[in-house]
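Residue-level structure breakdown
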Amino acid sequence: MRFKYAILYVDDVAASIAFFERAFGLVRRMVHESGDYAELDTGATTLSFSSRRLMTRLGKAPGRPDPTAPVFEIAFEVEDVAASLEKARSAGARVMQEVREEPWGQTTAYVLDGDGYLIEICSPVAGAS
């Protein structure tokens, strides 16, 4: 078994894709002609986006992220957390935590995208293989 993709339910797929391209340098894999679904290439796992409108039409009742009580996060591992945080900030990300050195040997920062999803920007854990 392999983890194939995660889908974020968003109001505006095109705006979300554009944000992740600007903020994190991700590459667009595909955007469905309807504009209701898109994928970004993140390596082995795809980060996908589906419109809340489409999910409602499919009989789902998509909720909205709550930045004050997140239930999950997306994490991007980078070599330079501070530079990546500044790139995300300049692309419109809302900073939730500035760069911080963690006791387990990792540097982290947190931002929110326009839909309120929590995104961790982190270094590799020191000493981890």
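In the block above lies the structure referred to throughout.
This text gives an overview of the structure that appears in the document.

Calculation criteria
Residues numbered from 1 in each chain as written. Predicted model: local features only at pLDDT ≥ 70, side-chain atom pairs only at ≥ 80, totals over all residues. Heavy atoms only, no water. Helix = DSSP H or I, 4+ residues; strand = E, 2+ residues; numbered from the N terminus. Expected span 1.5 Å × (residues − 1). Buried < 20%, exposed > 50% of the residue type's maximum accessible area, 1.4 Å probe, protein only. Arc of directions from axis to C-beta. Polar contact = N/O pair within 3.5 Å; in protein donor to acceptor, adjacent residues only side chain to side chain. Pairing = 2+ DSSP bridges. Axes fitted to C-alpha atoms, helices over the stretch in contact; angles between N-to-C directions. Contact = heavy atoms within 4.5 Å.

**A word on helix H1 (residues 13–24)**
For H1, built from twelve residues, the straight-helix expectation of 16 Å at 1.5 Å per residue is met to within 8% by its first-to-last C-alpha distance of 16 Å. Restricting attention to buried positions, one finds in H1 the residues Val13, Ser16, Ile17, Phe19, Phe20, Ala23 and Phe24. End-on, the buried residues of H1 take up no more than an arc of 160 degrees, which puts them together on one face. Between the side-chain oxygen at the start of H1 and the backbone nitrogen of alanine 14 there is a gap of 3.2 Å, and the oxygen is on aspartate 12.

**What to know about the sheet that holds strand E1 (residues 5–10)**
Reading across the sheet, the four strands line up as E1-E4-E3-E2 and stay open at both edges, with mixed pairing between neighbours. Edge strands, defined here as strands with exactly one partner in the open sheet, are E1 and strand E2 (27–31). Put simply, the sheet's adjacent strands are angled 25 degrees from each other on average, direction ignored. Note that strand E3 (residues 37–41) and strand E4 (residues 46–51) share five bridges and pair antiparallel. For tyrosine 37, the partnering residue across the bridge sits in E4 and is serine 50.

**Side note on helix H3 (residues 81–90)**
Side chains of residues three or four places apart in an α-helix project in the same direction, reflecting 3.6 residues per turn. Among all positions of H3, only Val81, Ser84, Leu85 and Ala88 are buried. Viewed along the axis of H3, the buried residues span an arc of 100 degrees, placing them on a single side of the element. Tucked inside the fold, the buried residues of H3 contact H1, strand E6 (94–101), strand E7 (107–112) and strand E8 (118–122). For H3, the capping residue at the N-terminal end is aspartate 80, with a side-chain oxygen 3.3 Å from the backbone nitrogen of alanine 82. Downstream of H3 by a residue or two, glycine 92 has a phi angle that is positive, lying close to 110 degrees.

**Details of the pairing of E2**
Remember that side chains alternate between the two faces of the sheet whenever the strand is regular. The sheet contact formed by E2 and E3 spans four bridges and is antiparallel. Of the residues in E3, the one forming a bridge with valine 31 is alanine 38. Taken together, E2 and the strand that follows it, E3, pair antiparallel across an intervening segment of five residues, in which glycine 35 is found at a positive phi of about 80 degrees.

**A few points about the environment of serine 123**
Checked against the element boundaries, serine 123 lands in the segment after E8. Overall, serine 123 belongs to the buried group, its relative accessible area being 10%. When the C-alpha positions of serine 123 and glutamate 98 are compared, they lie 14 Å apart, and in sequence the two are 25 residues distant. Not counting residues within four places of it along the chain, the set of residues in contact with serine 123 comprises Glu77, Val78, Val81, Gln106 and Thr107. There is a polar contact of 2.8 Å between the side chain of serine 123 and the backbone nitrogen of threonine 107.

**Considering the side chain of aspartate 115**
Mapped onto the fold, aspartate 115 is located in the loop between E7 and E8. With relative accessibility at 19%, the residue aspartate 115 sits in the buried group. At a separation of 3.1 Å, a polar atom in the side chain of aspartate 115 contacts the side chain of serine 16. Here the side chain of aspartate 115 touches arginine 52 through a polar contact of 3.4 Å, side chain to side chain. Discounting residues that sit within four places of it in the chain, aspartate 115 has contacts with Val10, Asp11, Ser16, Arg52 and Pro65.

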